[in-house]
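# A structural walkthrough
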Amino acid sequence: MTSVLFSSLPLRSGQVLGNRIAKAAMEENLADEGQVPGRHLMELYRRWAAGGTGLLITGNVMVHAEALTGPAGVVLDEATPLAPFADWAEAGKSGGGSIWMQINHPGRQVQAGMPGVVWGPSDVGVDLGRHSSRFGRPVAMTPEQIDATVNRFAVTAHRAEKAGFDGVEVHAAHGYLLSQFLSPLVNKRTDAWGGSLENRARMLLDVVRAVRAAVSPSFGVGVKLNSADFQRGGFDAHDARQVIEMLEPLGVDLVELSGGSYESPAMTGRPADERTQAREAYFLDLAKDLARTSSVPLMLTGGITRRETAETVLASGVALVGMGTALSITPDLPDRWRSDREADRQLRPATWSDKALASAATMAQVRHQMRRIAHGRSPRPGTHPAHALLREQLQQRRALRRYRTWLTASRHTGTSTSRAA
């Protein structure tokens, strides 16, 4: 009997995904000089493309050159050369699957010491207790800055299509800017973008409308949305259901469900609310409930590592299974599943009691595996979390010097179109 995992999935745009397995977005931190993709990102995506996924979703590409989650992030704006992105798209499609670009603005989740801007719906900073100083202090966005940011998303989507990508995914989860507007804990505005859920969803909906208008009807448009923030009083599953209903008439092909933020890192299996912890498919219970009423195909990401779990997710009514960490360790996992094999290795867990530090170390471990693949080496999932975190901090310092130099030069020459508007 053929597994539903390997059946095709037609989307509203007319695209057809070859199977129900997607590589979910993971921030690679592998930008070359000029904040563009280079040969290491190409190698990484060729390896994933050869592994049998139906859809590859890139790590988040920043729409605003002055607002990056980290100094080695990729930027695509009006001034960015397209040739490196065309190469990236080609690498991602080399195995016969589709590739979508995740597009994002970090909002307040910008590392302290980064040049540029730290924006949010309000001036509410990231609360990580004794680690709060890791992030810059945000300023509340003006209506003009909101409108300019909506346009940036549209520009990036349009240019992604020109470069040869099959679609984009608008990132509105994990505590980034659009997720911040959705959260009543972060969004304290009293104008048209604050208060009711309809107002808090306004920026996301405007971004999706602008993106859909900027690309062709056959180009895929997805949204990554938290099923819940896993913070008391925050964005919850009831809110998620209503936002999905708001997105449905806007031509969205797919909604990916995840959860959490830096303050409650449920996406790494470490939410602030212990009741939400699960060994696999962290958000399945919430996704089952949302799938019953959603007219938009749903993708579920978070802790899926085994074929049996993936089959369970699809049986719940979810249309697409997303995997991140599992594919950073075993890039050919979908092909293994086709031949009834599983991954033979797992990531060494960060079991520290400090959740914020453990989450940072876990993400550093994942990026360490991606860097190894990108350099033509095999993953090493047994790497100690502290070692991965230390190596990443050293790499980030070098990347920060390079980013500062590039951003200063682009401001001076006027080649960057991402100035605070």
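Reference entry: report on the structure contained in this document. (Residues numbered from 1 in each chain as written. Predicted model: local features only at pLDDT ≥ 70, side-chain atom pairs only at ≥ 80, totals over all residues. Heavy atoms only, no water.)

### Describing the pairing of strand 10 (residues 167-172)
Extensive coverage of strand 10 is indicated by the burial of six of its six residues. Side-chain alternation along strand 10 places Gly 167, Glu 169 and His 171 on one buried face and Val 168, Val 170 and Ala 172 on a second face that is also buried. Examined bridge by bridge, strand 7 (residues 98-104) and strand 10 share four bridges and lie parallel to one another. Residue pairing across strands places Trp 100 opposite Gly 167, the latter belonging to strand 10. Here strand 10 pairs with strand 11 (residues 220-226) via six bridges, running parallel. Its bridge partner lying in strand 11, Gly 167 is registered against Gly 220. (Buried < 20%, exposed > 50% of the residue type's maximum accessible area, 1.4 Å probe, protein only. Helix = DSSP H or I, 4+ residues; strand = E, 2+ residues; numbered from the N terminus. Pairing = 2+ DSSP bridges.)

### Things to note about the pairing of strand 11
The side chains of a regular strand alternate between the sheet's two faces. Across the seven residues that make up strand 11, a large majority, seven, are buried. Judged by which residues are buried, strand 11 turns out to be covered on both faces: Gly 220, Gly 222, Lys 224 and Asn 226 on one side and Val 221, Val 223 and Leu 225 on the other are all buried. With five bridges connecting them, strand 11 and strand 12 (residues 254-258) associate as parallel partners. Its bridge partner lying in strand 12, Leu 225 is registered against Leu 257.

### Details of the environment of Ala 310
Along the chain, Ala 310 turns up in helix 9 (residues 307-315). Sequence separation of Ala 310 and Asn 226 is 84 residues, and the distance between their C-alpha atoms is 19 Å. If we ignore the near neighbours within four places in the chain, the residues touching Ala 310 are Leu 5, Ile 304, Val 321 and Trp 337. (Contact = heavy atoms within 4.5 Å.)

### Side note on empty space enclosed by the protein
On inspection of all chains with the given rule, the structure shows two cavities of 30 Å³ or more. Approximately 40 Å³ is the volume found for the second largest cavity. Lining the second largest cavity are Glu 27, Glu 28, Asn 29, Leu 30, Asn 60, Ala 72, Gly 73 and Val 74. Considering only residue class, the lining of the second largest cavity consists of three nonpolar, three polar and two charged. (1 Å grid on protein atoms, 1.4 Å probe; cavity = no way out; pocket = protein on both sides within 12 Å on 5 of 7 lines; lining within 4 Å. Points joined across faces, edges and corners; volume = space filled by probe spheres on them. Nonpolar A, V, L, I, M, F, W, Y, C, P; charged D, E, K, R; others polar.)

### Some points on the side chain of His 64
Note on placement: His 64 falls in the loop between strand 5 (61-62) and strand 6 (74-75). Looking at His 64, its side chain comes within polar contact range of the side chain of His 105, at 3.1 Å. (Polar contact = N/O pair within 3.5 Å; in protein donor to acceptor, adjacent residues only side chain to side chain.)

### Quick look at the environment of Val 75
Mapped onto the elements of the fold, Val 75 is located in strand 6. Sequence separation between Val 75 and Arg 39 is 36 residues, and the spatial gap between their C-alpha atoms is 16 Å. If we ignore the near neighbours within four places in the chain, the residues touching Val 75 are Gln 35, Val 61, Met 62, Ala 65, Leu 68, Thr 80 and Phe 85.

### Some details on the side chain of Thr 53
Residue placement: Thr 53 occurs in the loop between helix 1 (39-49) and strand 4 (55-57). Discounting chain neighbours no more than four positions away, the residues touching Thr 53 are Asn 19, Ile 21, Lys 23, Trp 48, Gly 97, Leu 327 and Pro 334.

### Here's the deal with the nonpolar core
By size, the foremost hydrophobic cluster in this structure holds 93 residues, and its most contacted members are Met 203, Leu 204 and Leu 247. Those residues within four positions of Leu 204 in sequence are excluded, and the remaining contacts are Val 170, Ala 172, Leu 178, Leu 182, Val 223, Val 243 and Leu 247. Residues Leu 17, Ile 57, Leu 254 and Leu 320 belong to the second largest nonpolar core, which totals 13 residues. (Core = buried A, V, L, I, M, F, W, Y, C linked by side-chain atoms within 4.5 Å.)

### What to know about the packing of helix 3 (residues 143-163) against helix 6 (residues 202-214)
Relative orientation of the contacting elements helix 3 and helix 6 amounts to 35°, with a least axis distance of 8 Å. Like other packed secondary-structure pairs, helix 3 and helix 6 cross with a definite hand, here right-handed. Packed against helix 3, whose contacting residues are Ile 146, Thr 149, Val 150, Phe 153, Ala 154, Ala 157, His 158 and Glu 161, the element helix 6 presents Met 203, Asp 206, Val 207, Ala 210, Val 211 and Ala 214 at the interface. (Axes fitted to C-alpha atoms, helices over the stretch in contact; angles between N-to-C directions. Left-handed = near helix turned anticlockwise from the far one by under 90°.)

### Comments concerning the pattern of salt bridges
For the structure on display, the rule yields 18 salt bridges. Salt-bridge contacts for Glu 256 lead to Lys 224; the nearest nitrogen and oxygen are separated by 3.4 Å. With a gap of 32 residues between them, Glu 256 in strand 12 and Lys 224 in strand 11 connect regions that are remote in the sequence. Take Glu 256 and Lys 224: they sit in the same class, and that class is buried. (Salt bridge = Lys/Arg side-chain N within 4 Å of Asp/Glu carboxyl O.)

### A closer look at the packing of helix 6 against helix 7 (residues 237-247)
One can describe the packing of helix 6 onto helix 7 by two numbers: an axis separation of 11 Å at closest approach and a directional angle of 30°. The angle between helix 6 and helix 7 places the two elements in the roughly parallel class. Judged by the sense of rotation from one axis to the other, the crossing of helix 6 with helix 7 is right-handed. Packed against helix 6, whose contacting residues are Leu 204, Leu 205 and Val 208, the element helix 7 presents Val 243, Met 246 and Leu 247 at the interface. Residues belonging to the contact of helix 6 with helix 7 are distributed by class as follows: six nonpolar, no polar and no charged. (Parallel < 35°, antiparallel > 145°, perpendicular 65-115°, else oblique.)

### Some details on the packing of aromatic side chains
Per the counting criterion, the structure on display carries five aromatic pairs. Where Trp 88 meets Phe 165, the ring centres are 5.9 Å apart and the plane angle is 90°; that geometry is what we call edge-to-face. Within this pair, whereas Trp 88 is found in helix 2 (residues 83-92), its partner Phe 165 is found in the loop between helix 3 and strand 10, the two being separated by 77 residues in sequence. Its relative accessible area of 0% is what places Trp 88 among the buried residues. For Phe 165, a relative accessible area of 3% puts it in the buried group. Lys 23 extends its terminal NZ or CZ atom over the ring of Trp 48, reaching a point 4.6 Å from the ring centre. (Phe/Tyr/Trp six-rings, centres within 6.5 Å; stacked < 30°, edge-to-face > 60°. Lys NZ or Arg CZ within 6 Å of the ring centre and 35° of its normal.)

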